Amino acid sequence: MRKPVLLAGAALTAIALVAGCSGGGSGGGGGGGGNGTDTPESDTLVNGTLPSDGPAEDGGILTVNDASDSPTLDPHKSATAYTHGQVSGIVYSKLLEFDVGRDIPFGSMDVHGDLAEKWSHSEDGLTWTFNLRKGVKWQNVAPVNGRAFSSADVVCTVNRIQTLPGVQKNLMDVVASMDTPDVNTIIFKLNTPYGAFDETMASFYMEILPCEGTSGQFDLAQVAIGTGPFIRQKWDRKVQKTYIKNPDYFIAGKPHLDGVNLIIQADPAAAIAAFRTNQLDVTGSVNSTLLPTVTSTNPTAVVESQLALTMNQITFNQAKKPFDDIRVRQAISMAWDRQGMGQTFYPYGTALAGAYPSTLFGSMSSEDALKLKPYDPTAAKKLLADAGYPNGFDVSLLTTDGYGPNFVNQAQWVQQDLKDVGINATLRILDYATYFSTFAAKDYEMSFGLGTGFLTSDEWLEALYKSDGPRNWFNTNDPKVDAMIKDQRSTVDPKEREKKLQDLSTYIVKNVANPIFGFQYTGLLVAQPYVHNMYTHPQYARPFMADVWLDKTAPGRK
């Protein structure tokens, strides 16, 4: 073959991070974008039978794996999925949470109360009131010591996000002020109408922290103390994290598990071997090529294919030539055979993307994304020549092995596509933590990586494309984009906002072209048949762990 074949790989992380998205939005924010004909079902049972939901049985330890460890536990200082996937929902709670369940569409943007019991907003969309649950306690870990959760903790969390600024700043820059009329009420005053603020407060980035943490009474990078279903007990760096049941969790009768062991295991072969011998209960480390080796020895394994919101991406540092030239960026876009890559690496399906995933509200369809970003090496060479590079150029291509060997194979595919148009790319492969810090510091020329699976179109726009966006690690600065983002955000009418989002996506693809997104991909979630009531969501969080239970056949119950 001209390009490397799919050999082995790992999903971004097991369980929470192997997820995808379906349509169906609420409040003017969420899903429902037009999908391309190559878009698979958002959640499809590939093998086995979904076990019963209940009645639940208590006890046992669930063992899962992630491909990489989190560089820190501080959710305000780390944008990486591994940080949030290892604390959000499992240790820290949020005001609101996304719905999951057997009969709920995978990736639903409908929300329910978590720390908030109920919520409402004013008719003009500028005031949002959250009534908090009574009787919620922080985990009994020093120095918080199981004290009562209150509205002050929400204020401390948002203030820290806004002043650091935290990686969630783009989510909270809509907040002008906060009022706390009592310990169980928090009122947000917004600086612009925003009908999707409830979805914002359910984001995996919006973990609520205790004031003791935000004020520095303990190190948030090393210690996580939340109100969630599990207490982080031990952290053996790059080996495993262990969690134990929170006996004071605010939902009666939950969690059912005594604990969770999260193994750091990047090697798919090792994960498969552990799964085969029941040492691993759930994994996202199995790709379509390796799946038959699992089902041949474990025919009752429950396997689901899930369309991710995470997308592979080529990015450029526009502070470095020649990437300040839109013609060079467009040439590389046309040099990348995204459709061929998707068909080779993900036979269960992909969805090509424009400026953000095709399954989100206001998105560009896969067909339109292919038309605007066609695979055309001949046109790419002409653009390079027009830009003054008829013979191409040499470049360093930053990437990581932290997503598993499957992803390195994809980087090699990109390397070959670039070579075909005269660009000689040398792979700069770093471990995940080093890669992420290098990328965030803009210490690169060009990169191939994964884009965080934000849950709303607004999150993608605010984080990546605004000139001061917290994830704008590309040195892009387009005043028209900034103005269009602000305009769509304050548009209340859903149809009008959808049109503005679609126009914005088209403008970005044509005039910014950074990042260049490839496609949403299907990940495989593989679970033992004794794991019950595990329904995941596209978000990088694990709140569903509170509902999971193991039946008596599970090794973790013995």
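Keep in mind the model is a prediction, meaning the values are calculated, not measured.

Bringing the overall build of the chain into the picture now. Of the regular secondary structure elements, the chain holds 16 helices and 20 strands. A globule of 558 residues ought to have a C-alpha radius of gyration of about 24 Å, and the chain, at 23 Å, matches this closely. For the chain, the C-alpha atoms occupy an extent of roughly 70 × 60 × 40 Å along the three principal directions. Relative to its full complement of 558 residues, the chain shows a buried share of 62%. Partitioning the contacts of the chain with sequence separation of at least 6, the portion at a separation of at least 24 is 74%. In the structure as shown, the chain presents an accessible area of about 19000 Å², 50% of it carried by carbon and sulfur atoms. Looking at charge distribution, the chain has the averaged site of its 47 positive side-chain charges lying 3 Å from that of its 59 negative ones.

All told, the structure shown has 29 aromatic pairs when counted by the stated rule. With 4.7 Å between their ring centres and 40° between their planes, Tyr249 and Phe250 make a pair best called tilted. Accessibility expressed as a relative area gives 15% for Phe250, which makes it buried. Pairwise contacts between aromatic rings join Tyr82, Trp336, Tyr403, Phe407, Tyr432, Tyr435, Phe436, Phe439, Tyr444, Phe448, Trp473 and Phe474 into one cluster. Of note, Arg237 hangs over the ring of Trp235, and the distance from its end group to the ring centre comes to 3.8 Å.

What follows concerns helix α16 (residues 494–511). With 18 residues, α16 extends 25 Å from end C-alpha to end C-alpha; this agrees with the ideal 26 Å at 1.5 Å per step. Taken as a whole, α16 has its buried residues at Arg497, Leu501, Leu504, Ser505, Tyr507, Ile508 and Val509. Packing partners of the buried residues in α16 comprise α8 (326–335), α10 (366–372), α14 (457–465) and α15 (479–489). Of the residues that open α16, the one with a side-chain oxygen 3.3 Å from the backbone nitrogen of Lys495 is Asp493.

Put simply, α8 and helix α11 (residues 377–386) touch, their axes get as near as 8 Å, and they point 165° apart. Here α11 runs roughly antiparallel to α8, going by the angle between their axes. Crossing angle aside, the handedness with which α8 passes α11 is left-handed. Contact with α8, carried on its side by Arg327, Val328, Gln330, Ala331, Met334 and Ala335, involves Pro377, Ala379, Ala380, Leu383, Leu384 and Asp386 of α11 and no other residues of that element. Among the residues making up the contact of α8 with α11, the classes are represented as nine nonpolar, one polar and two charged.

Here we come to the sheet that holds strand β7 (residues 175–182). Pairing is antiparallel across the open sheet formed by four strands, whose spatial order is β5-β6-β8-β7. At either end of the open sheet lies a strand with only one pairing partner, and these are β5 (116–121) and β7. Sheet twist, expressed as the average angle between the axes of neighbouring strands with direction ignored, equals 20°. The strands that helix α2 (residues 151–163) touches are β6 (127–132), β7 and β8 (185–190); relative to β7, the one it contacts most, it runs at about 165°.

To continue, consider the nonpolar core. Leu95, Phe130, Phe188 and Phe197 are the most contacted members of the largest nonpolar core, which totals 144 residues. Counting residues per element, this core draws most heavily on strand β18 (residues 516–527), which supplies six residues. Not counting chain neighbours up to four residues away, the residues in contact with Leu95 comprise Gly113, Asp114, Leu115, Ala116, Phe130, Leu132, Val154, Phe188, Met201 and Ile208. Ranked by size, the runner-up nonpolar core spans 13 residues in total, among them Val286, Leu290, Leu291 and Val303.

With that settled, consider the environment of Ile423. Along the chain, the position of Ile423 falls in the loop between α12 (405–419) and β16 (424–430). In this structure, the C-alpha to C-alpha distance between Ile423 and Asp394, residues 29 residues apart in sequence, is 5.9 Å. Excluding its chain neighbours within four sequence positions, the residues that come into contact with Ile423 are Ile332, Leu384, Phe393, Val395 and Leu418.

Further remarks concern the confidence of the model for the chain. The pLDDT averaged across the chain works out to 91; a share of 92% of its residues lies at or above 70. Low pLDDT, under 50, characterises residues 1–41; the predicted model gives this stretch 186 contacts beyond four residues in sequence or across chains.

With that settled, the discussion passes to the pairing of strand β15 (residues 394–400). With five of its seven residues buried, β15 lies for the most part within the structure. In this structure, β15 lies alongside β16, joined through seven bridges in parallel fashion. Within β16, the position partnered with Leu397 by the bridge is Leu427. Of the crossover connections in this fold, the one passing from β15 over α12 to the parallel β16 is right-handed. Strand direction decides the pairing type here: β15 and strand β17 (residues 446–451), joined by two bridges, are parallel.

Cut-offs applied
- Residues numbered from 1 in each chain as written.
- Predicted model: local features only at pLDDT ≥ 70, side-chain atom pairs only at ≥ 80, totals over all residues.
- Heavy atoms only, no water.
- Helix = DSSP H or I, 4+ residues; strand = E, 2+ residues; numbered from the N terminus.
- Rg over C-alpha atoms; globule rule 2.2 N^0.38 Å.
- Buried < 20%, exposed > 50% of the residue type's maximum accessible area, 1.4 Å probe, protein only.
- Contact = heavy atoms within 4.5 Å.
- Areas by Shrake-Rupley, 256 points an atom, 1.4 Å probe, with all protein chains shown as cover.
- Lys, Arg positive; Asp, Glu negative; His and termini not counted.
- Charge placed at Lys NZ, Arg CZ, Asp CG, Glu CD.
- Phe/Tyr/Trp six-rings, centres within 6.5 Å; stacked < 30°, edge-to-face > 60°.
- Lys NZ or Arg CZ within 6 Å of the ring centre and 35° of its normal.
- Expected span 1.5 Å × (residues − 1).
- Polar contact = N/O pair within 3.5 Å; in protein donor to acceptor, adjacent residues only side chain to side chain.
- Axes fitted to C-alpha atoms, helices over the stretch in contact; angles between N-to-C directions.
- Parallel < 35°, antiparallel > 145°, perpendicular 65-115°, else oblique.
- Left-handed = near helix turned anticlockwise from the far one by under 90°.
- Nonpolar A, V, L, I, M, F, W, Y, C, P; charged D, E, K, R; others polar.
- Pairing = 2+ DSSP bridges.
- Core = buried A, V, L, I, M, F, W, Y, C linked by side-chain atoms within 4.5 Å.
- pLDDT = per-residue confidence, 0-100.
- Right-handed = clockwise from strand over helix to strand, strands pointing away.

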